[in-house]
Amino acid sequence: MGTGSKSSHQSYAVSPTALAEAPAAPLDITGAPAAGEAEDLAGAAVGSAGEPAFEVPELPEPAPSAELPAGDDPLAELETLLGTEPESEHQPAVSATPPEEETAEASAEAEGVAAEGELQSGDEEPSAEEAVLLQAEDIEEVQEEEEETDPPLTPVPAAPPVGEPTGTPILVGGDDFINSEATLVAYDSSDGPREVLLTHISEEAEEKLLDALSIPGTHMEEIQVEEEVKERLDLDKQKKLAELTKTAISSVQHKLKTGSEMSEASIAKHQAAYDAVADVLHNPSISDDEKAMALHYLHQLNVVKDKIDNGGAPMPWMDAYEVTSTKMVTKQIPVPDGDPEPGTLAATVRKASRIKANLDPATGQTSWDGVTRSSANGTEYEIDMGDGWKAVYRPYKDNDPANTEFSLRGQLEVHAPAGAGHGKDLVERLEQLHLMNKPMTAAEGEWTYLANNIRAQGLEGSAGMKGAMETVQGLQDLQVQEIVHQRMESLMGLDSDALQTAMKRIHLEASHKVLPMKVEVVRDAVAKASGFASGAELAASPGYEPTPSTGGKWLTWSRFDVTGKKAEVQGAFKGRSLTHNLNGGDLASLLGTGVLASTEKRAVMGIGGGLGMSEQSDKMTGGANSVFLRVKKTPSSPGGGRLIWDDPSVLMQRSDYYAYNGDHYGAINPAHHNYNAGAITRDPMKIAKFSGSSNEIMFRNGIDLLGAEAPSRIVCHTAAERNSILASLTSRGITQLGGKPVEDVLCTEADY
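Thresholds applied
Residues numbered from 1 in each chain as written. Predicted model: local features only at pLDDT ≥ 70, side-chain atom pairs only at ≥ 80, totals over all residues. Heavy atoms only, no water. Helix = DSSP H or I, 4+ residues; strand = E, 2+ residues; numbered from the N terminus. Buried < 20%, exposed > 50% of the residue type's maximum accessible area, 1.4 Å probe, protein only. Contact = heavy atoms within 4.5 Å. Areas by Shrake-Rupley, 256 points an atom, 1.4 Å probe, with all protein chains shown as cover. pLDDT = per-residue confidence, 0-100. Salt bridge = Lys/Arg side-chain N within 4 Å of Asp/Glu carboxyl O. Core = buried A, V, L, I, M, F, W, Y, C linked by side-chain atoms within 4.5 Å. Pairing = 2+ DSSP bridges. Axes fitted to C-alpha atoms, helices over the stretch in contact; angles between N-to-C directions. Parallel < 35°, antiparallel > 145°, perpendicular 65-115°, else oblique. Left-handed = near helix turned anticlockwise from the far one by under 90°. Nonpolar A, V, L, I, M, F, W, Y, C, P; charged D, E, K, R; others polar. Phe/Tyr/Trp six-rings, centres within 6.5 Å; stacked < 30°, edge-to-face > 60°. Lys NZ or Arg CZ within 6 Å of the ring centre and 35° of its normal. Disulfide = S-S within 2.5 Å. Lys, Arg positive; Asp, Glu negative; His and termini not counted. Polar contact = N/O pair within 3.5 Å; in protein donor to acceptor, adjacent residues only side chain to side chain.

When helices and strands are tallied, the protein chain shows 23 helices and 23 strands. Out of the 752 residues belonging to the protein chain, those deemed buried represent 49%. For the protein chain, the proportion of contacts with a sequence separation of at least 24, taken over those separated by at least 6, is 77%. Looking at the protein chain as shown, the accessible area adds up to about 34300 Å², and 49% of this sits on carbon and sulfur atoms.

Turning next to the confidence of the model for the protein chain. Per-residue confidence for the protein chain gives a mean pLDDT of 81; residues scoring 70 or more make up 78%. Counting interchain partners and residues more than four positions distant, the pLDDT-below-50 stretch residues 81-125 has 59 contacts. A low-confidence stretch, residues 127-136 (pLDDT under 50), is modelled with 11 contacts involving residues beyond four sequence positions or located in other chains.

So, on to the side chain of Ser655. One can find Ser655 in the loop between α20 (649-652) and β17 (657-660). Here Ser655 is in contact with Asn452, Ala456, Trp557, Ser558 and Arg559, once residues within four sequence places are set aside.

For the rest of this paragraph, the subject is unusual backbone geometry. Positive phi values are uncommon outside glycine, yet Ser180 reaches one of about 65 degrees. A positive phi angle is found at His434, which is not glycine, with a value near 65 degrees. On the secondary structure map, His434 appears in the loop between α9 (423-428) and α10 (442-456). Accessibility expressed as a relative area gives 10% for His434, which makes it buried.

With that settled, the discussion passes to the pattern of salt bridges. Summed over all chains, the structure comprises 23 salt bridges. Because the salt bridges share partners, they merge into one network encompassing Arg350, Arg373, Glu380, Glu382, Lys390, Arg394 and Glu413.

With that settled, consider the nonpolar core. Looking at soluble globular proteins, one finds that nonpolar side chains tend to be buried together. Leu578 and Phe699 are the most contacted members of the largest nonpolar core, which has 37 residues in total. Discounting residues that sit within four places of it in the chain, Leu578 has contacts with Phe573, Leu629, Arg630, Val631, Leu643, Ile644, Trp645, Pro648, Leu651, Met652, Ile697 and Phe699. Val172, Phe177, Tyr381 and Leu412 belong to the second-largest nonpolar core, a separate cluster that totals 31 residues.

Turning to the environment of Asn403, a few remarks are in order. Its place among the elements puts Asn403 in the loop between β11 (389-393) and β12 (411-415). For the pair Asn403 and Met620, spaced 217 residues apart in sequence, the C-alpha to C-alpha distance is 7.8 Å. Residues in contact with Asn403, not counting those within four places in the same chain, are Asn377 and Met620.

The next thing to look at is the pairing of β12. With five of its five residues buried, β12 lies for the most part within the structure. Every second residue of β12 is oriented toward a common face, with Gln411, Glu413 and His415 on one face and Leu412 and Val414 on the other, all of them buried. Sheet analysis places strand β3 (residues 194-201) next to β12, joined by five bridges and oriented antiparallel. Its bridge partner lying in β12, His200 is registered against Gln411. Note that β11 and β12 share four bridges and pair antiparallel. Note that in β12 the partner of Ala391 across the bridge is Val414.

Turning next to the sheet that holds β3. Hydrogen bonds between backbone groups are what pair the strands of a sheet, and the pairing can be parallel or antiparallel. Pairing is mixed in the open sheet, where eight strands are placed in the order β1-β2-β3-β12-β11-β10-β7-β4. The open sheet is flanked by β1 (168-171) and β4 (213-214), the only strands paired with a single partner.

This part takes up the packing of helix α7 (residues 264-281) against helix α8 (residues 288-310). One can describe the packing of α7 onto α8 by two numbers: an axis separation of 9 Å at closest approach and a directional angle of 155 degrees. In this view, α7 runs roughly antiparallel relative to α8, as classed from their interaxial angle. The element α7 and its partner α8 pack so that their crossing is left-handed. Within the contact between the two elements, α7 uses Ile267, His270, Ala273, Tyr274, Val277, Val280 and Leu281 and α8 uses Lys291, Ala294, Leu295, Tyr297, Leu298, Leu301, Asn302, Val304, Lys305 and Ile308. Looking at the contact of α7 with α8, its residues break down into 13 nonpolar, two polar and two charged.

Per the counting criterion, the structure on display carries five aromatic pairs. Ring geometry for Tyr187 and Trp368: centres 5.7 Å apart, planes at 70 degrees, overall edge-to-face. Of the two residues, Tyr187 is situated in strand β2 (residues 177-187) and Trp368 in the loop between β9 (366-367) and β10 (373-386); the sequence distance between them amounts to 181 residues. Taking 6.2 Å as the distance between ring centres and 80 degrees as the angle between the ring planes, the aromatic pair formed by Phe532 and Phe560 counts as edge-to-face. Of this pair, Phe532 sits in the loop between α13 (496-529) and α14 (535-540) while Phe560 is found in helix α15 (residues 560-563), placing the two residues 28 residues apart along the sequence. For Phe532, a relative accessible area of 22% corresponds to the partly exposed category. Judged by relative accessible area, which is 6%, Phe560 ranks as buried. Sitting over the face of the ring of Trp447, Lys518 holds its NZ or CZ atom 4.6 Å from the ring centroid.

The full count for this structure, using the stated rule, is zero disulfides. Cys716 forms no disulfide, and the closest cysteine sulfur to it belongs to Cys747, at a distance of 6.8 Å.

This paragraph deals with the sheet that holds strand β18 (residues 696-700). In space, the seven strands of this open sheet follow the order β17-β18-β15-β13-β16-β20-β23, with mixed pairing throughout. If you trace the sheet from one side to the other, it starts and ends with β17 and β23 (746-748), each paired once. Averaged over all neighbouring strand pairs, the angle between strand axes comes to 30 degrees, with direction disregarded. Across three bridges, strand β20 (residues 713-716) lies against β23 in parallel orientation. Considered in β23, the bridge of Val715 is made with Cys747. Seen against the sheet, helix α22 (residues 719-731) touches β20 and β23 and runs at an angle of roughly 170 degrees to β23.

Moving on, we come to the pairing of strand β13 (residues 576-581). With five of its six residues buried, β13 lies for the most part within the structure. Of the strand pairs in this sheet, β13 and strand β15 (residues 626-633) are connected by four bridges, and their pairing is antiparallel. The residue of β15 that forms the bridge with Thr579 is Arg630. Direction of pairing for β13 relative to strand β16 (residues 642-645): antiparallel, over a ladder of four bridges. Paired with Leu578 across the strands is Trp645, a residue of β16.

With that out of the way, let us pick up the side chain of Asp704. Inspection of the secondary structure puts Asp704 in strand β19 (residues 702-704). Although Asp704 is buried, it makes no salt bridge; Lys553 carries the closest opposite charge, 6.7 Å away. Within the structure, the side chain of Asp704 is placed 3.4 Å from the backbone nitrogen of Gly707, a separation counted as a polar contact.

The structure is reproduced here in structure tokens:
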């Protein structure tokens, strides 16, 4: 980052995937015996009647703190790692044991534990290094237990299928990635498979990633330099002579500019300033500089008095009295080629680029040599992750939306060394970038589902929604602080590395406990904002589907306002369809890959450019991350090379689309002239009424043409083209599309 120093969130930037239920007994990070039940933290938090909203896990008694060198302040370091003050005024009003009592109790318990330990065992305490290793093993055991208790929604393959253009879609826990999506691609190459993780991080998560990097020119070093400075005298600041004089000047100046009569208030302000200056001048002990300063203000006040008595033109601007002195000051200067900070990854800044893969039309396999890249308009970081691993990231902050490709901002690639079998490691390596690094579980899936529905249905500003979001953040922060306070004695005795490991464990415990409560609080708020009596009623409704569609090439989340009212949506679109015209593209090749892919997706799949109507413009608007469809009157005589969805509800149940009733190049870039915030809509009922001939609906990433989202009609140019495509699909075992026989979906212009 810009300072070259680590920010406070680094210690817990990577929170392992949270569970709906915590392990029966949390692991001991200190090695001390477990204490009794902890205080219930629920207090005033929202929960089921008669039940606590969430409970603090059983916590081990803290071990005695180690002797600390004079001047060391581990508590300050701990608070820095927490990134929050224990007594912050922003803590939510949730009842908990007062920190002072907790610390006293913990201290007393610690002394008892220490005495008991001395009597029962003569074994030596493990070394700091051994303690860190033991704590790391504890975390790994918890992560394994998570996977057994709440398995991933999308298991991560050890080796993604080689040459598969669309790769293997997965979901990663947490909020670091847009829609929690990532893709594992194994490109074929002469050196063996080139396995890559492709994802798009959220702008809010970028600070964490940048905190993991040492970027040339941004590493800062403190130096002492002698510098001339201009400043006011201490007596001036003490007596507020400059402030009083400027107040008098401003009051009189206003009357001069407006031609108004001088008021008693203006006269009084002048008199107050004059009296303060005179009082200083009458002091015989003032220095020469102080006398010159007082005379400076007296001269200004004399001018003011003349204007009060005689009026006239406005006065020139008058500055405060300052003296020049030479001082030693501490400054931070950039070190262009400094070594990476300890614990950070070296990054190189370069012109933005994209993987330049190649899709073989004969085999349908994609390949890449691990090196060749195409140029892009923007900036990216090449990141050395060690051991042959690297990453490429296109930052939001260094890519100005006004003159760079908006669609590449936030794109992240993680590259494994050549060879197969790195699938799980690709996900776990996200930890080096301070990003979430565990597959998403069902408990986290509902959280993401709710977040997507809030955005898709425009519920952000609904009554109670802001309060709900503040509540869940407060619950998470408070749970972490509660555990830290109870373990303060033992945490203060840890060195930096051990403290980092301990904080990971604490955040894991907090996540275990808070996630169900977060979901419940937000579900209730979403329910009330969308017309349900409660979160329980919403969860029981037919359209509530808190897991994504994972059966095809893409992973998509649904929206309950469509899945729960399918008949109404179908009625709104009666006589209208969604269509896509290939504009001369090869229908057989499209169905060979099985997806209608966005410009950005086509690039990494190895499909050459020139297939879209406005690819370069779409990169600047942000539309390149989506595919474009149109609402039209259901065509009775469609031309060839068209995909038609006669039941638009098939696609309108997705939560990732947005639309314009006109041609805006899919603009989501606020700095682009085609962007119009007032014209964008995500409301399917409004989209059904689109009348503009160039209207557009954008679906992120693309559409799986061979799965549940398949079009109801695929119009071929000729019978020969239809027969060729039919034979290809049959040879691949594809006999149905969207629940209909392939023969009924494939048609030709001549059929109408």
